[in-house]
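Residue-level listing of the chains:
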Protein chains: 2
Amino acid sequence: MIHGALLKDAPLSPSPPLAQEPVTEPTLDLDRWRRRLSNELWGSVVPFWMEHSLDRELGGYFNLLDRDGGRFGDDKHVWLQGRQVWMLSKLFGDGGDERHLEAARLGAEFLREHAVGPDGRAYFQLRRDGAPVGIQRKIFSECFLVMAYAEYARASGDATYRVLALELFDRVLALVDDPTPLGRPVLAGQRPAQDLSVPMILLNLVAELRGAPGSDTFADRPDYDDIERRCVARMLRHFDRGRGLVREQVAPDGTPIDSPEGRLLNPGHAVEAAWFLAEVAHRVGDAGLEADAFAMMEGALDAGWDAEHGGLLYFLDADGFSPTQLEWSMKLWWPHCEAMIGTLMAWRRTGEARWWERFDRIASWTMDHFPDPEHGEWFGYLTREGEVSQRFKAGPYKGFFHVPRALWMCERLLASVDAD
Amino acid sequence: MIHGALLKDAPLSPSPPLAQEPVTEPTLDLDRWRRRLSNELWGSVVPFWMEHSLDRELGGYFNLLDRDGGRFGDDKHVWLQGRQVWMLSKLFGDGGDERHLEAARLGAEFLREHAVGPDGRAYFQLRRDGAPVGIQRKIFSECFLVMAYAEYARASGDATYRVLALELFDRVLALVDDPTPLGRPVLAGQRPAQDLSVPMILLNLVAELRGAPGSDTFADRPDYDDIERRCVARMLRHFDRGRGLVREQVAPDGTPIDSPEGRLLNPGHAVEAAWFLAEVAHRVGDAGLEADAFAMMEGALDAGWDAEHGGLLYFLDADGFSPTQLEWSMKLWWPHCEAMIGTLMAWRRTGEARWWERFDRIASWTMDHFPDPEHGEWFGYLTREGEVSQRFKAGPYKGFFHVPRALWMCERLLASVDAD
């Protein structure tokens, strides 16, 4: 009656041993995957959003979309609005056309007008017309606006958004240094702790502001290298090398915290963190950091893979207790997207067949379970057994981001083989 | 692949038709249920908490307890600490003994010392030693302290707690009138809305302060009747008579709000609200209100019953969309506890066989799935299929409250038949 992974004495379900022999005929598989992912991106995912999400009347994007694209609500969520602007702007420069740039503009202009309040804080949730409904005591709305404005400035050439991106980035840095304006209570019993998500998003923002080599680097600010170095150091403190685990929350010096919060594992999040680190390592040529990044990734995938039903579990407890998160055993789209990117990146950088096999296994499970061939796009939330739990395609936390980013990045990683 | 209840065109799964003929040999079943529930309370549930939860060293109760009673964390949650004081104090007066009063004192003294901060707000989460960790922008910590102090004052005769209860109750009323001190943002796009939970908890607090007929009524404050009347009116605005649905959030005049929040149904919560109303109706002899309460209950049970796997679904959308809550299809212990109380109360008040059948069906499913005969107490969180999802017995929202309250109240309702 009790799931295997819940037994206290049971180890966190390891993946089956990886074969060490090289994959035969890799080229065949490469081409097949490249076609499959490209078709999914341009034939299913992009059309769904271009058809159903654009609010041509009031601007921005509808992001509460049912299975068939019909709306089940009109509110607009700033994380998702910003990420959609970012993704559309990226695609405009790589496979997309003027329609995608125009769609990006629809979101960028809406956000510029409505996303930030008079106190400089970015909202979380807006009405269809942009009136604010909710605000989080977190920095992520601001962060996704930085990404949106930076990439849209690059795609459109509109320098207004360049200024907005840099101003908001400074505001994010200030909020990380002094979070008082976020309004989170400071209480005597709180354990000193740091969350993986904060250095992760900052590292990602620096990468986005720098842009691809040769692109507009947003004035190549003198603080990029320093922020990057500090973020990398902070992120590595979450990696428990001895056990191969990545903890979501640790003490500032990296010491594990023995509480449900301190034992929390989020395998998909750890894999995303790992590929962010691997990208930095690749750019600066740091082989040690690259090895750490792939060790983090391997540990997270070993911990998170569901040996019984396949796919990645959402949350685990480092010591095998039940996570307090009710949705711990669900299979969410985004950890699988991040695992596709991460494993393929590890294969490209190391050339090791075992990483190709990991990619093939995870991408196969993902493509077998999440896409909706009938109406396009992917389901986001599956039960542990892989059945659809939530039928909507877009919800308060699921937008035009993880799916197209994974398909687009994987397609690029596969295409890069030709250049070898 | 998609759950039946998720199809947009499918009606919310109704329960099988109820038989109208009277139940044969009800006495036999009555005795069987009475024994079974009493044995569960005194043989499994109370011993688990008396053995594992009392922190004799630092006071209060451990409320992060694994399947076998072992601790998976030391933090203490104020909702649960208060509710445990309340329940132990109740049991002391009805089946319990000095050990239960002493255990209640352990929590009451801990809360008196640590639960409320210098600004008068009650915390949500404390360290083992009482140092504050977290605070909610909600009134419920304060409310459960009122219940705790009132019942402990009654059980112990200690007038200090009587004063504390009344002071905190005044503070709760002030926060309902003017929620500014809670610190929730007020934003231009927010729809005017009221949550069912607020009038519900106030109605419950008045009932707890009044106490049983003949008991200490806490000075029988002149505002009890007025608060009660206003709460009843507000709660009834959540009842969509035409469709038999109870909405968690409506406009202040009761108009439905067409958004995911406004369409949200929580069948277990609706059933709890209904039996709170039925108790008021019974006390004041309001047959119309009693009929409304049982109509609410029937609608909620029809909407929430899972025809495929049995048990009550946690969340639904009034128009059949997927709820955005990831855990919508899980089976939680507390809606089942509330449904046991509610259906048995409806049977006692109406004498209708269909309510006995409802009780028998829900209580049977509950007793077949939640109790843990090996280590005592109940599991709290099951998958839709009825498998254990979280193996812990006590967590941040599950304490010594819904299970013992349901077993204790059902046992009393069954015992009251003898008095007829």
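Shown above is the structure to which this text applies.
So, a few notes on the structure that sits alongside this text.

Here is what the cut-offs are and how they apply
- Residues numbered from 1 in each chain as written.
- Chains lettered and ligands numbered in written order.
- Predicted model: local features only at pLDDT ≥ 70, side-chain atom pairs only at ≥ 80, totals over all residues.
- Heavy atoms only, no water.
- Helix = DSSP H or I, 4+ residues; strand = E, 2+ residues; numbered from the N terminus.
- Rg over C-alpha atoms; globule rule 2.2 N^0.38 Å.
- Buried < 20%, exposed > 50% of the residue type's maximum accessible area, 1.4 Å probe, protein only.
- Phe/Tyr/Trp six-rings, centres within 6.5 Å; stacked < 30°, edge-to-face > 60°.
- Contact = heavy atoms within 4.5 Å.
- Least-squares fit on C-alpha atoms with pLDDT ≥ 70 in both.
- Buried area = accessible area lost by both parts, 1.4 Å probe.
- Salt bridge = Lys/Arg side-chain N within 4 Å of Asp/Glu carboxyl O.
- Expected span 1.5 Å × (residues − 1).
- Pairing = 2+ DSSP bridges.
- Axes fitted to C-alpha atoms, helices over the stretch in contact; angles between N-to-C directions.
- Parallel < 35°, antiparallel > 145°, perpendicular 65-115°, else oblique.
- Left-handed = near helix turned anticlockwise from the far one by under 90°.
- Nonpolar A, V, L, I, M, F, W, Y, C, P; charged D, E, K, R; others polar.
- Patch = residues over 30% accessible without salt bridge, like charges linked within 9 Å, V, L, I, M, F, W, Y side chains within 5 Å.
- Areas by Shrake-Rupley, 256 points an atom, 1.4 Å probe, with all protein chains shown as cover.
- Lys, Arg positive; Asp, Glu negative; His and termini not counted.
- Charge placed at Lys NZ, Arg CZ, Asp CG, Glu CD.
- Core = buried A, V, L, I, M, F, W, Y, C linked by side-chain atoms within 4.5 Å.

## Comments concerning the overall build of chain A
The helix and strand inventory of chain A stands at twelve helices and twelve strands. For 420 residues, the compact-globule estimate of 2.2 N^0.38 gives 22 Å, and chain A sits close to it at 21 Å. Judged by the C-alpha coordinates and their principal axes, chain A covers about 55 × 55 × 45 Å. Scored against the burial criterion, the 420 residues of chain A give a buried share of 62%.

## Focus: the packing of aromatic side chains
This structure, assessed with the given rule, holds 50 aromatic pairs over all chains. Ring geometry for Y149(A) against Y161(A): centres 5.6 Å apart, planes inclined by 50°, an arrangement best described as tilted. In this pair, Y149(A) sits in helix α4 (residues 140-156) while Y161(A) sits in helix α5 (residues 159-177), placing the two residues twelve residues apart along the sequence. Taken individually, Y149(A) and Y161(A) each receive the classification buried, so the pair is uniform in this respect. Ring centres 6.0 Å apart and planes at 65° place the aromatic pair W365(B) and F370(B) in the edge-to-face group. Residue F370(B) is classed as buried on the basis of its relative accessible area, which comes to 0%.

## As for the side chain of N266(B)
Along the chain, the position of N266(B) falls in the loop between β8 (264-265) and α8 (267-284). If sequence neighbours within four positions are ignored, N266(B) has contacts with E248(B), Y314(B), F315(B) and W334(B).

## A closer look at the relation of the copies chain B and chain A
Mapping chain B onto chain A leaves a residual RMSD of 0.0 Å; the transformation is a rotation of 180° accompanied by 0.0 Å of translation along its axis. Such values leave the two copies arranged in the relation of a two-fold axis. Minimal C-alpha separation from the rotation axis in chain B is found for E327(B), amounting to 3.0 Å.

## Observations concerning the interface of chain B and chain A
Each side of the interface is counted separately: chain B has 52 residues, and chain A has 52 residues. In total, about 4400 Å² of surface goes out of reach between chain B and chain A, with carbon and sulfur atoms giving 56% of it. At the junction of chain B and chain A, the tally comes to two salt bridges. A salt bridge links D75(A) to R191(B); the shortest N-O distance between them is 2.7 Å.

## Remarks on helix α11 (residues 353-369) of chain B
Its 17 residues give α11(B) an end-to-end C-alpha distance of 24 Å, which sits within 8% of 24 Å, the value for a rise of 1.5 Å per residue. Of all the 17 residues making up α11(B), 13 are buried; the element is thus mostly covered by neighbouring parts of the structure.

## Regarding the sheet that holds strand β12 (residues 388-390) of chain B
Residues and elements named next belong to chain B. Spatial strand order, β10-β11-β12: three strands in an open sheet with antiparallel pairing. Each edge of the open sheet carries a strand with a single partner, namely β10 (331-332) and β12. Across two bridges, the pairing between strand β11 (residues 381-382) and β12 is antiparallel. If you follow Y381 over to β12, its bridge partner there is Q390.

## Description of the sheet that holds strand β12 (residues 388-390) of chain A
Sheet strands line up and pair through hydrogen bonds in the backbone, either parallel or antiparallel. Residue and element names in this part refer to chain A. Here we have three strands laid out as an open sheet, ordered β10-β11-β12, and antiparallel in their pairing. The sheet is open, and its two edges are formed by β10 (331-332) and β12, each paired on a single side. Here two bridges tie β10 to strand β11 (residues 381-382), and the two strands are oriented antiparallel to one another. What sits directly across from K331, in β11, is L382.

## Let's talk about the environment of F140(B)
Residues and elements named next belong to chain B. Summarising the element assignment, F140 is placed in helix α4 (residues 140-156). When the C-alpha positions of F140 and I201 are compared, they lie 8.0 Å apart, and in sequence the two are 61 residues distant. When sequence neighbours within four positions are dropped, the list of residues in contact with F140 reads W79, S197 and I201.

## Examining the packing of helix α3 (residues 98-114) of chain A against α5(A)
Residues and elements named next belong to chain A. Viewed as axis vectors pointing N to C, α3 and α5 meet at an angle of 50°, and their least axial separation amounts to 12 Å. Accordingly, the angle class assigned to the pair α3 and α5 is oblique. Considering only the axes of α3 and α5, their crossing is left-handed. For the pair α3 and α5, contact is made by A108, E109 and R112 and by T160, Y161 and L164, respectively. A per-class count over the contact of α3 with α5 returns three nonpolar, one polar and two charged.

## Brief notes about unusual backbone geometry
Positive phi, close to 60°, is recorded for E377(A), a residue that is not glycine. Examined against the element boundaries, E377(A) turns out to sit in the loop between α11 (353-369) and β11. Given a relative accessible area of 0%, E377(A) falls into the buried group. At A219(B), a residue that is not glycine, the phi angle is positive and equals roughly 70°. Residue position: A219(B) is located in the loop between α6 (197-210) and α7 (224-236).

## Some thoughts on the pattern of salt bridges
The full count for this structure, using the stated rule, is 84 salt bridges over all chains. Residues D170(A) and R221(A) are paired through a salt bridge, measuring 2.9 Å at the closest nitrogen-oxygen approach. You can see D170(A) sitting in helix α5 and its partner R221(A) sitting in the loop between α6 (197-210) and α7 (224-236), a full 51 residues away along the chain. Between E298(B) and R354(B) there is a salt bridge, and its shortest N-O distance comes to 2.6 Å. Taken together, the residues E298(B) in helix α9 (residues 287-304) and R354(B) in helix α11 connect sequence positions 56 residues apart. A residue is classified by how much of its surface remains accessible, and R354(B), at 19% relative accessible area, is buried. Here the residues in one salt-bridge network are E298(A), D302(A), E352(A), R354(A) and R358(A), joined through shared partners.

## Focus: a negative patch on the surface
Negative charge collects at one region of the surface, where E308(A), E385(A), E387(A), E308(B), E385(B) and E387(B) lie side by side. Taking relative accessible area as the criterion, E308(B) reaches 53% and is therefore assigned exposed.

## Considerations on the packing of α4(B) against α6(B)
Think of two packed helices as two axes; the pair is described by the angle between the axes and how far apart they sit. All names here are of chain B. Direction vectors running N to C along α4 and α6 enclose 10°, while the axes themselves pass 9 Å from each other. On the basis of their axis angle, the class for α4 and α6 is roughly parallel. Each of F140, C143, F144, V146, M147, A150, E151 and R154 in α4 lies in contact with α6, whose residues at this interface are S197, I201, N204, L205, E208, L209 and R210. Partitioning the contact of α4 with α6 into residue classes produces nine nonpolar, two polar and four charged.

## Focus on the nonpolar core
Core analysis: the biggest nonpolar cluster contains 145 residues, and L37(B), I139(B), F169(B), L277(B), M297(B), F359(B) and W378(B) have the highest contact counts within it. Of all the elements, α4(B) adds the most residues to this core, at twelve residues. Among all residues touching L37(B), those that are not within four sequence positions of it are M340(B), F359(B), M367(B), L407(B), C410(B) and L414(B). Counting 143 residues, the second-largest nonpolar core is a separate cluster that includes L196(A), V280(A), I362(A) and F379(A).

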